[in-house]
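# Survey of secondary and tertiary structure
The primary structure of each chain is shown beneath.
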Amino acid sequence: MLMVKRIYDKLKSTLFADPDLLFEEERDLVDKPFYFSGTNGKGVLLVHGWTSTPYEVRRLGKFLNENGYTVSGPMLRGHGTVPRNLENVRWQDWLEDSQREYAELKNQCGKVYVAGTSIGGNIALMLAKNNPDITGIVLMATPAKFKIEFLVKNLVKFLNVVGKRYRKKFYPPTFGVKDSVTRKISYSSYPTKSVLETFGLVEESRKNIENIKQPVLMMQSTSDHIVNKNSLRFIYANIGSTIKQKKWIKRAYHTFISDIKNEHVFEDILNFLNEN
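Presented here is an overview of the structure given in this document. (Residues numbered from 1 in each chain as written. Predicted model: local features only at pLDDT ≥ 70, side-chain atom pairs only at ≥ 80, totals over all residues. Heavy atoms only, no water.)

### Observations concerning the sheet that holds strand β5 (residues 136–140)
As a reminder, the rule being used: Between any two strands, at least two bridges found by DSSP are needed for them to pair. Secondary structure elements follow DSSP: runs of H or I no shorter than four residues count as helices, runs of E no shorter than two count as strands, and numbering proceeds from the N terminus. The axes used here are C-alpha line fits, helices contributing only the stretch in contact, and every angle between their N-to-C directions lies in the interval 0 to 180 degrees. Contact criterion: two residues are considered in contact whenever any of their non-hydrogen atoms come within 4.5 Å of each other.
The sheet built from 7 strands is open, its strands ordered β1-β3-β2-β4-β5-β8-β9 with mixed pairing. Edge positions in the sheet fall to β1 (34–36) and β9 (244–249), since each has one partner strand and no second. Within this sheet the neighbouring strands show an average axis-to-axis angle of 10°, counted without direction. Bridge count for strand β2 (residues 42–47) against strand β3 (residues 70–73) is 3 bridges, and the pairing is parallel. Looking at the pairing, G43 lines up with T70 of β3. Seen against the sheet, helix α9 (residues 230–238) touches β5, β8 (216–221) and β9 and runs at an angle of roughly 170° to β9. Sheet strands touched by helix α10 (residues 265–275): β2, β4 (111–117), β5, β8 and β9. Its angle to β8, the strand with the most contacts, is close to 165°.

### Section: the pattern of salt bridges
Note the cut-off: Salt bridges, as used here, are contacts in which a Lys or Arg side-chain nitrogen is within 4 Å of a carboxyl oxygen on Asp or Glu. In this scheme, a residue with accessible area under 20% of its type's maximum is buried, one over 50% is exposed, and one in between is partly exposed, where area comes from a 1.4 Å probe on protein chains only.
Under the counting rule described, the total for this entry stands at 11 salt bridges. Between K184 and E24 there is a salt bridge, with the nearest N and O atoms lying 3.8 Å from each other. Linking K184 in helix α7 (residues 181–185) with E24 in helix α2 (residues 19–25), this pair joins segments that are 160 residues apart in sequence. Residues R100 and D97 are paired through a salt bridge, measuring 3.3 Å at the closest nitrogen-oxygen approach. With R100 and D97 both in helix α4 (residues 91–108) and 3 residues apart, this pair spans about one turn of that helix. Of the residues examined, R100 reaches a relative accessible area of 40% and is grouped as partly exposed. D97 gets classed as buried once you look at its relative accessible area, which sits at 5%. Each of R77, D93, E96, D97 and R100 takes part in salt bridges that share partners, so that together they form one network.

In structure tokens, the structure reads:
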């Protein structure tokens, strides 16, 4: 009976939860930050991506908490409401939000890791540079460079000049299906002004990454339509960490962590934290 109970408890765990069914149960949590108190004295700060919400990393947070970690998922400024609230937010505001949450988590836990998806990963890089006591970092779909970066940046500047302040998002038909959790929780349009803030953050985060010494796990989709494939290679080659791992995710959208059901992504992250 004890073995049956263990198997049942395992099947009930977040690792085996269907992200779509879980989303239907948790719709009221989509626009809220989260905090899960753990038991092992270690904390993880999870930073969501641009135009998204902490729900993007909530399932990962629950899984890590089930394995003993205290997990905090803050809401970055301008998110979880309406797109216009992003208009006057600077990337420094997002870094400030994350630094404050890291400091609070550090007060409660002896060791703290930082994991981020998309620009959340860039914030993780910035925090690692500014806080050498961070134990380790996990970078998911983190841009060191965007695809056709020069053209996009200049197009956005032009749109701002001519008064086109908002743009609708583009999703590839194969991986950005309409019913994905990633699409349901994100803004469907965005202020063009805010795009320039993401560029500023990415540019700043890739400077002096040789000064980052913490262990790092890097993950990127082979089908990422936003981040240049050389981003993972650039970070891996240039970061100053002695302990560094990389993993390519197949057939997944840019920010894959909300919808991933395969390739042992959650277990790989947990193993990295446990080993480092």
